[in-house]
Amino acid sequence: MSNVYDFSVKDRKGNMVSLKDYEGKVLLIVNTATGCGFTPHYEPLEAMYKDLKEKGLEILDFPCNQFANQAPGSEDEIHEFCTVKFGTDFPQFAKLDVNGESADPLFAYLATEKPFEGFGKGIKNAALNKFASMNNKAFGDKAYIKWNFTKFLVDREGNVIKRFEPTVDMDDVRKEVEALLG
């Protein structure tokens, strides 16, 4: 596979969607969870989407329940939570796995293109690293994503440009997105 446009994913209704449909857009691909400490990231994500969609940004939301059972609901329940609580309007896809033998090929590709480099410094980041390591032990060398709200920035040609761990400040994520949009 040469870029993200080579992948297809299921939308929240179970229909296959080619990421080629997003060709020419800047993408922020995110694995999410409704019961995570990082769930408030939905608010700045939606604000960024509203502000930058007309400039070519698409945020693609992929719920995942592989991290401490933090997204246990159905696709409809997750969608309702996100739209009611955070007013999200960006595309939300079917819940999927991002790690292990059942990992969606898109996320295996994204993480291979931009591997994990750590959560950063500080006590909170060290605690998350320890908790994530315990959670992801079962996935061995296929623990591609370390926690919910990992974000991948993709340019208009489908190339993975940057990976943001959930501990990265959302203002910094937005600055990178804006720079890529030009």
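Here, every reference points to the structure presented above.
Residues numbered from 1 in each chain as written. Predicted model: local features only at pLDDT ≥ 70, side-chain atom pairs only at ≥ 80, totals over all residues. Heavy atoms only, no water.

(A) Representation of the pattern of salt bridges within the structure. The full count for this structure, using the stated rule, is seven salt bridges. Taking the shortest distance from any N to any O, the salt bridge between Lys13 and Asp76 comes out at 3.5 Å. Of the two residues, Lys13 is situated in the loop between strand 1 (8-10) and strand 2 (16-18) and Asp76 in helix 2 (residues 75-86); the sequence distance between them amounts to 63 residues. Note that Asp51 and Arg174 form a salt bridge whose closest N and O atoms lie 2.8 Å from each other. Of this pair, Asp51 sits in helix 1 (residues 42-52) while Arg174 sits in helix 5 (residues 170-181), placing them 123 residues apart in sequence. (Salt bridge = Lys/Arg side-chain N within 4 Å of Asp/Glu carboxyl O. Helix = DSSP H or I, 4+ residues; strand = E, 2+ residues; numbered from the N terminus.)

(B) Geometry of the environment of Phe7. On the secondary structure map, Phe7 appears in the segment before strand 1. Between the C-alpha atom of Phe7 and that of Leu106, which follows or precedes it by 99 residues, the distance is 6.3 Å.

(C) Representation of helix 5 in the model. The terminal C-alpha atoms of helix 5, which comprises twelve residues, lie 16 Å apart, in line with the 16 Å expected from a rise of 1.5 Å per residue. Of all the positions in helix 5, only Met170, Val173, Val177 and Leu181 are classed as buried. Buried residues in helix 5, looked at end-on, bunch into an arc of 75 degrees, giving them a common side. Exposed side of helix 5, more than 90 degrees from the buried face: Asp171, Lys175 and Ala179 are the residues found there. Those residues of helix 5 hidden inside the fold are in contact with strand 3 (26-32), helix 1, strand 4 (57-63), strand 5 (151-154) and strand 6 (160-164). N-cap assignment for helix 5: the residue whose side-chain oxygen lies 2.7 Å from the backbone N of Asp171 is Asp169. Count one or two residues on from helix 5 and you reach Gly182, which has phi positive near 80 degrees. (Expected span 1.5 Å × (residues − 1). Buried < 20%, exposed > 50% of the residue type's maximum accessible area, 1.4 Å probe, protein only. Arc of directions from axis to C-beta. Contact = heavy atoms within 4.5 Å. Polar contact = N/O pair within 3.5 Å; in protein donor to acceptor, adjacent residues only side chain to side chain.)

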